[in-house]
Amino acid sequence: MTKFGVIIFPGSNCDLDAIYVIENIVKRKVLKIWHKDRSLPDIDCIIIPGGFSFGDYLRPGAIASHSPIMKPIKEFSRNGGLILGICNGFQILTEANILPGVMLRNISTRFISKKVKLKVLNNNTPFTNLFSKNEIIELPIAHKDGNYYAPLEMIDELKTKNRLIFSYCENPNGSVEDIAGILNEEGNVLGMMPHPERAYEGLLGLELGRKIFESIVNYLENR
Amino acid sequence: MDEEILKELNFSVKDYEKVVELIGREPSITELGLFSAMWSEHCSYRSSKIYLKELPSSGELVVQGPGENAGIIKITDEIYLAFKVESHNHPSAVEPFQGAATGVGGIIRDIFTMGARPIAILDSLCFGDLNSKRTKYLLNGIVEGISFYGNCVGVPNAGGETHFDPSYSENPLVNVMCVGILNKKNLRKSIAKTSKAKVIYIGAKTGRDGLHGASFASGILDDKAVKRRGSVQVGDPFLEKLLIEATLEIIEEDLIEAIQDMGAAGLTSSSVEMAGKGGKGIKLFLDKVPLRETNMTPLEIMLSESQERMLLVAKIGAEKRIKEILDKWELDYAEIGEITDSNWIEIYFSGEMVCNLPIEYLLNPPLNCIPPQMDRKKLVYVREKTFNLSSLLLEPSFGSKRWIYEQYDTTLLSNTVIPPGNGATLLRIKGTDKFIGLTLNSNGGLCAVNPFLGAQTIVAISSRRISALGVKPAAVTDCLNFGDPNNPQTMWEFSECIKGLSSALKELNIPVVSGNVSFYNEGRDKRINPTPTIGMVGVGNLSYIPSNHFVEVGNLILIIGGETGKEYFDSEILPKLNLELEKNTQELVRELISKGLLKSVQSIDRGGIYLALIRSISLSGIGARIYDFPLNFMPSEFLLSESNSRFLVSIDKDKIDLVAKIVGKEMVKVIGETIANYLIIADSFKVEISEIKNNYERSFRKFLEGA
C-alpha cells in the first residue's frame with residue numbers, strides 16, 4: 001500500500017486538504033513531515049502542499065527551498081521517488097531547481113481565486129494515468145504568483161519531451177504557453193499551480209482532482 | 001495633571017476627576033494611560049452597555065454568549081462553532097491596506113483564542129459615492145489588504161457585501177467576521193483562575209505602532225486623527241499563521257488556563273480582563289516584555305497595539321512544554337508576570353512600581369448616558385431610483401462583485417459547497433452530517449430613514465438568505481456602526497436599531513452570541529448612516545442541496561411568500577415587514593427544500609425579483625420567460641419590488657400542485673418558466689443571456705479597472 005508524506009513548512013496551509021484527500025478519499029496512509037527534519041521516513045510519494053511558506057518573504061518558495069528537509073527530498077527525487085508540488089509546492093520546487101523555470105507575479109498583479117478549465121496534455125505519467133489525453137478538467141486556482149516563465153529553449157524542451165502536463169484553456173495569470181503544470185526530465189516530479197486536493201467530491205462542485213491522487217496510487221501499486 | 005496629556009490620551013477632565021476621586025490620589029502617568037484605554041468607548045461600551053442588554057442572548061444551541069472573545073454555538077454534542085464580527089473602520093479610513101489587513105488579523109485571533117480553528121472570513125464593506133476617486137482608492141486598498149492577510153494566513157473567505165453611499169465617503173466601514181470550529185474539550189476562555197500561575201507573552205515584539213488605538217477609535221475622524229496614520233498597526237499574516245498553529249497545539253495539549261489576544265489596548269486590556277474575570281489580580285514586569293523599539297516608556301508598552309501578540313496564563317507546571325511548542329514554531333515569548341490573589345494590577349518597570357490599581361475601577365467606568373432624541377430634519381429621505389431594467393444591468397453597484405471575491409481564496413479547506421457571490425455561503429462540516437450557512441448584511445440607507453424597521457429588515461433578510469440554503473438560522477453576531485455617541489440623535493438611532501434587532505431576533509428565535517460596537521464614525525462634517533451589520537449562522541442536516549441558480553430548461557419559476565407591492569428600500573414607501581409571515585415563509589421554504597422539491601432557491605431582497613433572476617441566469621446560462629404582470633404594475637415596478645418575505649424558486653412542472661398544497665395557494669405565484677438563451681419579460685423586454693452575463697459579471701470590474 002502506498003504511503004504518502006506531506007511536507008509542512010511554517011506557513012503551509014493546504015496541508016490539511018492534502019492529508020484529508022489521502023486519508024479519506026484514496027484511503028492510504030499519510031505522514032506529516034516537518035521542514036526541519038533531516039531525513040525522510042519510509043514513504044512512496046511526497047506532497048509539497050500549497051500555502052505561504054515563510055510568508056512568501058523574499059519570493060514565494062525561496063526560503064523554504066533552503067529548509068533542511070530539501071536535502072533528503074532532492075535525494076528522494078534522484079532515486080526516482082514521486083513528488084507532487086502544488087501551488088506554493090510548485091514554487092518551492094522551481095526555487096530548489098528540482099523543476100525548471102520561475103514563477104512571476106500574475107499579469108493582473110492581483111491574487112486570483114477561481115475555477116479554471118485545464119487540458120491534460122500528457123496522460124502517460126505517474127500522476128495523470130487515469131485521465132485521457134487532452135481531457136478537459138476543472139480545478140480551482142488560488143495564487144498571486146503563478147505566471148510561469150522559462151527561456152524559450154527550455155519551453156521547447158518541455159514541449160518536445162512531453163513535459164507539459166496541464167495547460168490552461170483560458171490563461172488566468174499570463175504564464176507562458178498557458179502552462180499550469182510541468183514534469184521534471186526523469187518524469188517523477190510534477191509541479192502544478194491548480195489545486196487537485198480541493199476538488200475531490202461532488203459536494204464541492206469539483207471532483208476530478210482526486211484522479212491525480214488515484215493515478216499515483218495506481219502507478220505505484222499496479223506497475 | 002497637565003491638560004495636554006489628557007488630550008493626548010483622549011481622556012476628559014471629568015473622567016480624570018472621577019479617577020482621582022476613586023483612588024484618592026493623583027494617578028501616575030501609566031495609571032492614567034490604563035484608565036484612558038479601559039474607559040474608552042472601544043473597550044468599555046460605556047455608552048451602549050445599557051442598550052445591549054435588550055438583545056436576546058440565550059438559546060438551545062448557545063454555549064457561550066456575549067462577553068468572551070467570541071460567541072459559541074453547538075453544531076453537534078462534540079463540535080462547536082465560534083464566531084464574531086468586528087469593525088476596523090478608522091484604521092481603514094486613514095491607511096486602507098493595513099487597516100483592513102489588521103482588521104482580519106484581529107478577528108481571527110478572537111476565534112483561535114477560544115480554541116477554534118478559523119475556517120471562514122466574511123467582510124462587509126461600506127464606501128462613499130462609487131464615482132469618487134477616494135472610494136476607488138479605499139476600495140482597492142481595503143480589498144487588497146483583506147486578500148493579502150486572509151489568503152496568507154490560510155483562512156478562506158466565505159463572502160460578504162459591498163455598499164456605496166455618500167454618508168461613508170470620509171469614514172468607510174470595514175466589518176470582518178470570522179468563524180472557527182472546535183472540539184468541545186478545547187474550549188478556552190479569558191478567565192484567570194489560579195494565583196501564582198505564570199503570565200506568558202507570545203508573538204510579535206512590542207513597538208510604538210497602534211499606540212492609543214483604542215482611544216483613536218473612540219474619537220471622530222478629524223484632521224488630527226487622519227494625521228495619526230502612525231496609529232495604524234502593520235500586519236504580518238505569516239506570524240499570525242504561526243500563532244494559530246502554536247496556540248491550537250498548546251490548547252490541544254491542555255497547557256493553559258486562560259488566554260486572550262492583545263487587541264485593542266494591547267497588554268492593558270488582555271491582562272486586566274483575564275485577571276478581572278477570574279476575580280484575581282495580576283503582576284507584570286515590563287522589563288521582560290520583548291520590545292522592538294528602544295526607550296519605550298511603561299505607558300507606551302502597556303498601550304501599544306502591535307499586532308500578532310497573545311497573552312497566556314499557563315497551567316502551573318506546563319510552562320516548559322509551552323515553551324517547547326513556541327520554540328518549534330520559532331515564536332518569541334517571555335514570562336512577564338503572574339496571577340495574584342489581590343484583585344489589583346501591579347506593574348513594575350526598572351525596579352519601580354509604576355502602577356497599582358484595583359482592577360474593578362478599570363473595568364467599571366462611569367456610564368455615558370446621553371438621552372436619545374430624534375431630530376426629524378436629520379432623517380434622510382428618498383434617493384433617486386432607477387426603474388430602467390436595461391440600464392440597471394450596466395450599473396456597477398448592481399453588478400456582480402466577483403472582482404472583489406476573486407481576490408480572496410474561497411476554496412481552501414475544501415468545505416465550500418455554495419461559494420460566495422449570492423448572498424449566503426454554504427459550508428459542510430467535515431466529520432459530521434451538518435452544514436452551516438453564513439451571511440453578513442447591513443442596510444445603512446434603510447436604517448437612516450427608519451432605524452427600527454431597518455434593523456428588523458436586516459435580521460429578516462439575513463435569515464431569509466440562510467433559509468434559502470435549506471439550513472435553519474441559529475445565531476447572530478452583530479457589529480453596530482454609528483456616529484458620535486454624545487450626539488442625542490446618534491443615541492436615538494442606536495436605541496431604535498437595538499429595539500428593531502431585538503424584536504426581530506426574539507420573534508425569529510435567534511440569539512446574539514457576540515458582537516462589537518463602533519461609535520464615532522464621523523468625518524469632518526458627516527455622520528455615517530446608522531449601520532448595524534448582522535453576521536448570521538445557520539445550521540442543519542441537508543439530504544438535498546438546492547442550487548442557487550437555474551438548473552434546467554422547462555422548470556416553473558415561482559414566488560413563494562408574501563405579496564409583491566410597490567415598496568422599495570430607496571423610496572418613501574418602505575417595504576413593510578410582518579415577522580410572523582417572514583418566519584412562516586422561511587419555515588415553509590426549508591420544508592420544501594428538505595422534501596427535495598426545489599431545483600433552485602433565492603432569497604428576494606435588495607434588487608428584488610430582478611436581481612435574483614439576473615443572478616440565477618448569469619450563474620447558470622439558462623434563461624427565463626416571465627409571464628404577464630398584475631395590471632396595476634409596470635414590469636420594472638414589479639420586478640424591482642423589494643417587498644419582504646419572498647423567495648424566488650424553480651421547480652419541476654409536475655410538482656406545482658404538491659408545492660401549492662404544502663405552502664398554501666395564497667403563498668405561491670407562478671411568474672414564469674426557464675427557457676434557453678433569453679430573458680423575456682412579458683412583451684416588453686428581451687435580452688440574450690450572453691449580454692446579461694457579460695454586463696452583470698463585468699460592470700463592476702470594468703468600472704474599477706477602466707477597461
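Thresholds, definitions, all that
Residues numbered from 1 in each chain as written. Chains lettered and ligands numbered in written order. Predicted model: local features only at pLDDT ≥ 70, side-chain atom pairs only at ≥ 80, totals over all residues. Helix = DSSP H or I, 4+ residues; strand = E, 2+ residues; numbered from the N terminus. Rg over C-alpha atoms; globule rule 2.2 N^0.38 Å. Buried ≥ 20, exposed ≤ 12 C-beta atoms within 10 Å, placed from the backbone. Contact = placed C-beta atoms within 7 Å. Pairing = 2+ DSSP bridges. Axes fitted to C-alpha atoms, helices over the stretch in contact; angles between N-to-C directions. Domains from an automatic or database assignment. Core = buried A, V, L, I, M, F, W, Y, C linked by C-beta atoms within 7 Å. pLDDT = per-residue confidence, 0-100. Nonpolar A, V, L, I, M, F, W, Y, C, P; charged D, E, K, R; others polar. Left-handed = near helix turned anticlockwise from the far one by under 90°. Parallel < 35°, antiparallel > 145°, perpendicular 65-115°, else oblique. Expected span 1.5 Å × (residues − 1). Right-handed = clockwise from strand over helix to strand, strands pointing away.

**Observations regarding the overall build of chain A**
Secondary structure assignment for chain A yields five helices and eleven strands. Against the compact-globule benchmark of 17 Å for 223 residues, chain A has a radius of gyration of 16 Å, which places it among compact chains. Dimensions of chain A along its principal axes, counting C-alpha atoms only, are 40 × 40 × 35 Å. Looking at the 223 residues of chain A, the share that counts as buried comes to 54%.

**A word on the overall build of chain B**
Scanning chain B for helices and strands turns up 25 helices and 26 strands. Taken over the C-alpha atoms alone, chain B extends approximately 85 × 55 × 45 Å along its principal axes. Across the 707 residues that make up chain B, the buried fraction comes to 59%. Of the contacts formed within chain B by residues at least 6 apart in sequence, a portion of 85% connects residues at least 24 apart.

**Quick look at the sheet that holds strand β6 (residues 112–120) of chain A**
Residues and elements named next belong to chain A. Taken together, nine strands build an open sheet; the order of strands is β2-β1-β3-β4-β11-β10-β9-β6-β7 and the sheet is mixed. Bordering the open sheet on either side are β2 (29–34) and β7 (136–143), each of which pairs with just one other strand. Recorded for the sheet is a direction-independent mean angle of 20 degrees between the axes of neighbouring strands. Looking at chain direction, β6 and β7 are connected through eight bridges and run antiparallel.

**Comments concerning the domain arrangement of chain B**
Its domain assignment divides chain B into domain 1 (3–363) and domain 2 (545–707). Once you take the C-alpha centre of each, domain 1 of chain B and domain 2 of chain B turn out to be 43 Å apart.

**Some words on the nonpolar core**
Residue and element names in this part refer to chain B. Membership of the largest hydrophobic core comes to 270 residues, with the highest contact counts inside it found for L81, A82, M177, V313, V537 and I560. A per-element tally of this core places helix α8 (residues 133–153) first, with nine residues. Both of domain 1 (3–363) and domain 2 (545–707) provide at least three residues apiece to this core. The contacts of M177, once residues within four sequence positions are left out, are F83, K84, V85, I107, I121, L122, L440, T477 and G535.

**What to know about the confidence of the model for chain B**
Summary statistics for chain B give a mean pLDDT of 93 and a share of 96% for residues scoring 70 or more. Here the predicted complex scores 0.96 on pTM and 0.96 on ipTM.

**Focus: the interface of chain B and chain A**
Contact residues are listed per partner, giving 22 residues for chain B and 23 residues for chain A. Those elements that provide at least two residues to the side of chain B that touches chain A are α8, α11 (237–252) and β14 (416–418) of chain B. Across the side of chain B that touches chain A, the residue classes break down as nine nonpolar, eight polar and five charged.

**Re the packing of α8(B) against α11(B)**
All names here are of chain B. Direction vectors running N to C along α8 and α11 enclose 35 degrees, while the axes themselves pass 8 Å from each other. Considering how the two elements wind past one another, α8 and α11 form a crossing that is right-handed. Taking contact as the criterion, the partners of F148, Y149, C152 and V153 in α8 are, on α11, P237, F238, E240 and K241. Looking at side-chain class alone, the contact of α8 with α11 contains six nonpolar, no polar and two charged residues.

**Some remarks on unusual backbone geometry**
Residue and element names in this part refer to chain A. Of note, N97 is a non-glycine position whose phi angle comes to about 60 degrees, a positive value. Structurally, the position occupied by N97 is in the loop between α3 (88–95) and β5 (102–104). On the neighbour-count criterion, N97 (9 C-beta atoms within 10 Å) is exposed.

**Observations concerning the packing of helix α7 (residues 96–112) of chain B against α11(B)**
All names here are of chain B. For the pair α7 and α11, the least separation of the axes is 10 Å and the interaxial angle reads 5 degrees. It follows that α7 is roughly parallel to α11 by the angle criterion. For the pair formed by α7 and α11, the contact residues are G105, I108 and F112 on the first element and P237, E240, I244, T247 and L248 on the second. Among the residues making up the contact of α7 with α11, the classes are represented as five nonpolar, two polar and one charged.

**Some thoughts on α11(B)**
Residue and element names in this part refer to chain B. In this model α11 runs 22 Å from its N-terminal to its C-terminal C-alpha over 16 residues, within 8% of the 22 Å that 1.5 Å per residue would give. With 13 of 16 residues buried, α11 is to be regarded as a mostly interior element. Taken from the residues just after α11, D254 is the one with a positive phi, measuring 60 degrees.

**A short note on the sheet that holds strand β15 (residues 425–428) of chain B**
Sheet strands pair by backbone hydrogen bonding; their relative direction is either parallel or antiparallel. Residue and element names in this part refer to chain B. Read across the sheet, six strands follow the order β14-β15-β16-β19-β17-β18 without closing on themselves; strand pairing throughout is mixed. Unpaired on one side and paired on the other, β14 and β18 (512–518) mark the two borders of the sheet. Each strand of the sheet is rotated relative to its neighbour by a mean of 25 degrees, with strand direction disregarded. One ladder, built from eight bridges, connects strand β16 (residues 434–441) with strand β19 (residues 531–541); its direction is antiparallel. Looking at the pairing, N441 lines up with I534 of β19. In this fold helix α20 (residues 488–508) packs onto β17 (472–481), β18 and β19, with an angle of close to 175 degrees to the strand it touches most, β17.

**Some thoughts on the pairing of strand β1 (residues 3–8) of chain A**
Residue and element names in this part refer to chain A. Counting buried positions over the six residues of β1 gives five, a clear majority of the element. With six bridges connecting them, β1 and β2 associate as parallel partners. Its bridge partner lying in β2, K3 is registered against K29. With respect to chirality, the unit in which β1 leads through helix α1 (residues 15–25) into the neighbouring parallel β2 is right-handed. Relative to strand β3 (residues 45–48), β1 runs parallel, the two sharing three bridges. In the sheet register, V6 faces β3, and the bridge partner there is I47.

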